[in-house]
Each structure stands twice: as C-alpha cells, then as structure tokens.
Amino acid sequence: MGISRVSLVALTLAGLLSLGATNAFAEKIAVVDVGRAIFNTDSAKARLKQMQAKPEYAALQARYESIGADIKALQKDMETSRLTASSQKNAEYQKKMDYLQADLELVARKLETEIKSLQGEIMKELQPKVVEVIQELVKAEKVTLLLPREVVIYAPPETDLTPKFIERLNKK
C-alpha cells in the first residue's frame with residue numbers, strides 16, 4: 001500500500017512539530033496551484049482559443065452539442081409517449097438513446113483527448129519558466145516552505161501565491 005502525497009505532507013509536518021521544530025513555522029509557508037496557474041496564463045488561454053477555432057475541433061464541439069440536443073429531444077418524445085407507446089416502440093426509443101449516449105461519450109473522449117494533448121504541450125513549453133518563476137516568487141515573498149495546493153487540506157487565502165504566480169508567469 002503506497003502513501004499518498006497528502007499523508008506524506010501530514011506526516012512530515014507532524015514529525016517537525018513533534019521534534020520541536022516550531023521555529024521552522026515561524027518562517028513563511030505558502031501554497032501555489034501550479035496547474036491552475038499555468039492554464040490561467042494569457043498564453044495558455046490564447047492557445048486554447050486557437051485550438052477551439054480550428055475546424056476539426058469546432059466540428060467535434062458542434063457534433064457534441066448536436067448529439068446532446070438529439071438526446072434531449074428523444075427524452076422528450078419518450079416522456080410524452082411512454083404511457084401510450086407499445087413495448088416495441090419503447091424498446092426502439094431505448095435503443096436510439098443507447099446509440100446516442102455511446103456517440104456522445106465517443107465525441108466527449110475525442111474532445112478530452114484534444115484538450116489533454118494541448119495541456120501537455122503547454123506544460124512542456126512553460127516548464128522552464130515555471131521553475132524560474134517559482135524561484136523568483138520564493139525569493140521575493142521570502143517563503144521558506146512552498147507546498148503544492150493540491151496536497152494541502154487547508155490554507156488561508158493570504159498564503160496562496162497562485163495569483164502572483166500567474167502574474168509573473170504572464171510576464172515571462
């Protein structure tokens with residue numbers, strides 16, 4: 001059984017406290033959500049808009065919306081004729097619904113794949129800048145312990161450096 005990141009952070013903090021290392025906490029502790037920061041940068045938003053403007057992506061998005069509308073229309077038809085339709089007709093409705101659901105899931109997976117691919121590209125491109133900005137931010141804010149936001153259960157808003165991180169990353 002592996003130990004989760006949250007458990008590891010909690011054990012580390014508990015260990016420091018039990019050793020009387022309270023001086024370590026007299027310094028500044030902060031959190032940052034690097035993923036959120038990266039995808040909220042101006043460059044990431046621009047890249048997302050570019051991808052969404054591509055005909056292939058727009059066609060997938062339109063197909064997704066069209067299937068969703070077809071599902072809603074079929075649900076409405078099923079509701080209005082449920083009591084009066086034969087069991088064969090209800091079975092046909094259900095079959096159509098199953099096909100539409102499968103189509104919707106396929107298109108959703110394709111859209112998700114496109115987005116994840118773009119996210120991977122953006123992460124790869126911004127990685128060197130991220131490291132640089134973290135170092136600058138730690139120095140400028142006099143942070144002695146910077147934790148990823150996703151492993152922290154609670155952090156007061158004033159300890160979240162994500163907005164400052166985004167601002168600095170946008171300037172790079």
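Reading the values: the criteria
Residues numbered from 1 in each chain as written. Predicted model: local features only at pLDDT ≥ 70, side-chain atom pairs only at ≥ 80, totals over all residues. Heavy atoms only, no water. Helix = DSSP H or I, 4+ residues; strand = E, 2+ residues; numbered from the N terminus. Buried < 20%, exposed > 50% of the residue type's maximum accessible area, 1.4 Å probe, protein only. Axes fitted to C-alpha atoms, helices over the stretch in contact; angles between N-to-C directions. Left-handed = near helix turned anticlockwise from the far one by under 90°. Contact = heavy atoms within 4.5 Å. Nonpolar A, V, L, I, M, F, W, Y, C, P; charged D, E, K, R; others polar. Salt bridge = Lys/Arg side-chain N within 4 Å of Asp/Glu carboxyl O. Expected span 1.5 Å × (residues − 1). Arc of directions from axis to C-beta. Polar contact = N/O pair within 3.5 Å; in protein donor to acceptor, adjacent residues only side chain to side chain. Parallel < 35°, antiparallel > 145°, perpendicular 65-115°, else oblique.

Undergrad: Where do I start with unusual backbone geometry in this structure?
TA: Glycine aside, negative phi is the norm for most residues, and most peptide bonds take the trans geometry. Positive phi, normally seen in glycine, also occurs at Lys 142, with a value near 55°. Tracing the backbone through its elements, the reader meets Lys 142 in the loop between α5 (87–141) and β2 (143–148). Taking relative accessible area as the criterion, Lys 142 reaches 64% and is therefore assigned exposed.

Undergrad: What exactly am I supposed to notice about the packing of helix α3 (residues 42–53) against α5 here?
TA: The description of two packed helices rests on the angle between their axes and on the distance between the axes. At a minimum axis distance of 11 Å, the contact between α3 and α5 shows a crossing angle of 145°. In the crossing of α3 with α5, the sense of the turn from one axis to the other is right-handed. Only Glu 114, Ile 115, Leu 118, Glu 121, Ile 122, Glu 125 and Leu 126 of α5 make contact with α3, whose side of the interface consists of Ser 43, Ala 44, Arg 47, Leu 48 and Met 51. Residue composition of the contact of α3 with α5, grouped by class: 7 nonpolar, 1 polar and 4 charged.

Undergrad: Looking at this structure, how should I read the pattern of salt bridges?
TA: Applying the stated criterion across every chain yields a total of 10 salt bridges. Two residues, Lys 172 and Glu 136, come together in a salt bridge whose shortest N-O distance is 2.6 Å. A residue pair is termed long-range when its members are at least 10 positions apart, and Lys 172 in the segment after α6 (162–171) and Glu 136 in helix α5 qualify at 36 residues. By relative accessible area, Glu 136 is classed as partly exposed at 27%. Residues joined by salt bridges that share partners form a network here, namely Glu 132, Glu 136, Arg 168 and Lys 172.

Undergrad: Please explain α3 as it appears in this structure.
TA: Each full turn of the α-helix corresponds to 3.6 residues, which orients residues three or four apart in the same direction. Here α3 spans 16 Å end to end across 12 residues, near enough to the 16 Å set by a 1.5 Å rise per residue. By the burial criterion, the buried members of α3 are Ala 44, Arg 47 and Met 51. Along α3, the residues classed as buried sweep out an arc of 60° about the axis, all on the same side. Facing away from the buried side of α3 by more than 90 degrees, the exposed set consists of Lys 49 and Ala 53. Here the buried face of α3 lies against α2 (34–39), α4 (55–81) and α5.

Undergrad: Would you take a moment to explain the side chain of Thr 162 for this structure?
TA: Along the polypeptide, Thr 162 turns up in helix α6. Judged by relative accessible area, Thr 162 falls into the buried class, the value being 0%. With residues near it in sequence (within four places) discarded, Thr 162 still touches Val 31, Val 32, Asp 33, Arg 36 and Ala 37.

Undergrad: What is the right way to look at the side chain of Thr 159 in this model?
TA: Inspection of the secondary structure puts Thr 159 in the loop between β2 and α6. A distance of 2.7 Å separates the side chain of Thr 159 from the backbone oxygen of Pro 156, its partner in a polar contact. Dropping the residues within four chain positions of it, Thr 159 is found in contact with Ile 29, Ala 30 and Val 31.

Undergrad: Help me understand the packing of α4 against α5, please; the structure alone is not making it clear to me.
TA: For the pair α4 and α5, interaxial distance at closest approach is 9 Å and the crossing angle is 155°. With respect to α5, the element α4 is oriented roughly antiparallel. Like other packed secondary-structure pairs, α4 and α5 cross with a definite hand, here left-handed. Residues that form the contact of α4 with α5 fall into these classes: 15 nonpolar, 7 polar and 7 charged.

Shape descriptors only; they carry no functional weight alone.
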